[in-house]
Amino acid sequence: MKNLIYFPLLMLFFLNCKDNQKASALEQSTHTEAAKAKNSESKKVNEFAIVIHGGAGTILRENMSAEDEAAYNAKLEEAIRVGHDILKNGGSSLDAVEKTINVLENSPLFNAGKGAVFTNAGTNELDASIMDGKTLNAGASAGTKTVKNPINLARAVMENSPHVMLSGEGAELFAKEQNLELVDPSYFYTESRFKALERVKAVEDTKNARDKTAFYDPIIKDSKFGTVGCVALDKNGNLAAGTSTGGMTNKRWGRIGDAPIIGAGTYANNATCAVSSTGWGEYFIRAMVAHDISALMDYKGLSLQEAAREVIQKKVPDLGGDGGIVAVDKDGNMVMEFNTSGMYRASMDASGKLTVGIYKD
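Residues numbered from 1 in each chain as written. Predicted model: local features only at pLDDT ≥ 70, side-chain atom pairs only at ≥ 80, totals over all residues. Heavy atoms only, no water.

Caption draft 1: The arrangement of the overall build of the chain in detail. The helix and strand tally for the chain stands at 11 helices and 12 strands. Burial analysis of the chain (361 residues in total) assigns 51% to the buried set. For the chain, the proportion of contacts with a sequence separation of at least 24, taken over those separated by at least 6, is 69%. Accessible area of the chain: about 16700 Å², with a carbon and sulfur share of 54%. (Helix = DSSP H or I, 4+ residues; strand = E, 2+ residues; numbered from the N terminus. Buried < 20%, exposed > 50% of the residue type's maximum accessible area, 1.4 Å probe, protein only. Contact = heavy atoms within 4.5 Å. Areas by Shrake-Rupley, 256 points an atom, 1.4 Å probe, with all protein chains shown as cover.)

Right under this line is the structure:
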């Protein structure tokens, strides 16, 4: 008799579960379709556009001389105009990204190329990555010591090898085979970066000294920061992103940050956006920052601004990290989002409107 009672109850429970599953699937499908509909309704605001960054961190007006501020502004403008000219004349977003980053890599002002910071061993180890939003092809290099322009190596890896990332001696051998410009390691030496290494090492002696100095000294406080990057949309609707860095001051054991990691430091997808990151690399890797912004646009139908704000102002700080991104979406909307006191940055739209910034305000 009990079995006769239990059997209908079990059948009822089973049918109810099936109904709930169908409802859940229908709800998920509705959300997905809504996101797709929102994306399809987007309108192009710029035929082409370009955005760059030169690193984020404790960049305060009171710590910046008028001469230094003018130098940073001038170099940011010089760099972005190189890429903008390429785009204006019908060039590819990949070319614009690479050539723009070259200007920043060749300047001692930024922690990339010539201005790379020093490792604990007193060497310079450089990382870079680039991604093509049309094909989702990507290339990266890590830990090179003799390649003058790491972003060029990253592009060569993308276009002329079956791999995505090469590192160390292998990457340098490939660079030589590709006839890229190699330099003596001494090329990367700059007095200011070497002094920064000495200061960071000095405060490792005691915890009290480290805490006190890190609070008052932006160089030491930001020893984990420093990157350059560029994102671009060309007239053919193709997006590209690139990032280049000297990494973290006083890094050791072959440490690699987010800059050469596709999806963390760099990501581009013609369906959504192109992103280049700058910040505390360990956290940007854990959060997969660049890809997460694209995914929020793709899966949830968020705008580029909404997605960038969600990741940079909430997700990264919740993990304990900080930094920023520059991004451009498939319609030419541009974003420069950061949660630090400053980020070297610039943008130019199709009309030629130039915006250059350093501080948060």
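We are not done yet, so read on.
Caption draft 2: View of the packing of aromatic side chains. Taken as a whole and assessed by the stated rule, the structure comprises eight aromatic pairs. Residues Phe110 and Tyr344 carry aromatic rings whose centres are separated by 6.1 Å and whose planes lie at 85° to one another, so their mutual orientation is edge-to-face. Placement of the pair is Phe110 in the loop between α3 (93–105) and β2 (126–132) and Tyr344 in strand β11 (residues 342–348), with a sequence separation of 234 residues. For the pair shown, Phe110 and Tyr344 are each scored as buried. Linked through ring pairs, Tyr72, Phe110 and Tyr344 together constitute an aromatic cluster. Cation over ring: Lys114 sits above Tyr187, and NZ or CZ is 4.8 Å from the ring centre. A cation sits over an aromatic face here: Arg286 above Tyr283, 4.7 Å from the ring centre. (Phe/Tyr/Trp six-rings, centres within 6.5 Å; stacked < 30°, edge-to-face > 60°. Lys NZ or Arg CZ within 6 Å of the ring centre and 35° of its normal.)

Caption draft 3: Focus on unusual backbone geometry. Of note in the backbone geometry, Asn250 takes a positive phi value of approximately 70° without being a glycine. Note that Asn250 resides in the loop between β6 (239–245) and β7 (266–268). Under the relative-accessibility criterion, Asn250 is labelled buried at 7%. One non-glycine residue, Met288, lies in positive phi territory at about 45°. Considering the arrangement of structural elements, one finds Met288 in the loop between α9 (281–287) and α10 (289–300). When its relative accessible area of 32% is taken as the criterion, Met288 is described as partly exposed.

Caption draft 4: Main features of the pairing of strand β8 (residues 273–279). Here β8 lies mainly inside the structure; seven of its seven residues are buried. Residues of β8 alternate between two faces, with Cys273, Val275, Ser277 and Gly279 on one and Ala274, Ser276 and Thr278 on the opposite face, all of them buried. Sheet topology places β7 next to β8; three bridges connect them, and they run antiparallel. In the sheet register, Thr266 faces β8, and the bridge partner there is Ser276. Counting the residues between successive antiparallel strands, the hairpin from β7 to β8 contains four residues. (Pairing = 2+ DSSP bridges.)

Caption draft 5: The arrangement of the environment of Asp258 in detail. Along the chain, Asp258 falls in the loop between β6 and β7. Considered as a pair, Asp258 and Ser277 are 19 residues apart in the sequence and their alpha carbons are 7.9 Å apart. Excluding residues within four positions of it along the chain, Asp258 makes contact with Ala264, Gly265, Ser277, Gly279, Gly281, Phe284 and Ile285.

Caption draft 6: Local environment of the environment of Thr266. Looking at the element boundaries, Thr266 is found in strand β7. Thr266 sits in the buried class, given a relative accessible area of 0%. In this structure, the C-alpha to C-alpha distance between Thr266 and Ala290, residues 24 residues apart in sequence, is 5.8 Å. Beyond its immediate sequence surroundings of up to four residues, Thr266 is in contact with Ser129, Ile130, Met131, Ala241, Gly242, Thr243, Ala259, Ile261, Val275 and Ala290. Of the polar contacts made by the side chain of Thr266, one reaches the side chain of Ser129; its length is 2.7 Å. A distance of 2.6 Å separates polar atoms of two side chains, one belonging to Thr266 and the other to Thr243. (Polar contact = N/O pair within 3.5 Å; in protein donor to acceptor, adjacent residues only side chain to side chain.)

Caption draft 7: Focus on the pattern of salt bridges. Using the criterion set out here, one finds 11 salt bridges in the structure. Here Glu77 and Arg81 are joined by a salt bridge, their closest N and O atoms 2.9 Å apart. One end of the pair is Glu77 and the other is Arg81, both in helix α2 (residues 66–88) and four residues apart, which spans about a single turn. With a relative accessible area of 29%, Glu77 lands in the partly exposed category. Connected via shared salt-bridge partners are Asp95, Glu98, Arg155 and Glu159. (Salt bridge = Lys/Arg side-chain N within 4 Å of Asp/Glu carboxyl O.)

Caption draft 8: How the structure looks around the sheet that holds β8. The sheet built from four strands is open, its strands ordered β7-β8-β9-β10 with antiparallel pairing. The sheet terminates laterally at β7 and β10 (334–338), the two strands that pair on one side only. Between one strand axis and the next, the sheet turns by 10° as a mean value, whatever way the strands run. Of the pairings in the sheet, the one linking strand β9 (residues 323–329) to β10 comprises five bridges and is antiparallel in character. Directly across from Ile325, in β10, lies its bridge partner Glu337. Set on the sheet, α10 makes contact with β7, β8 and β9; between it and β8 the angle comes to about 145°. In this fold helix α11 (residues 304–319) packs onto β8, β9 and β10, with an angle of close to 15° to the strand it touches most, β10. (Axes fitted to C-alpha atoms, helices over the stretch in contact; angles between N-to-C directions.)

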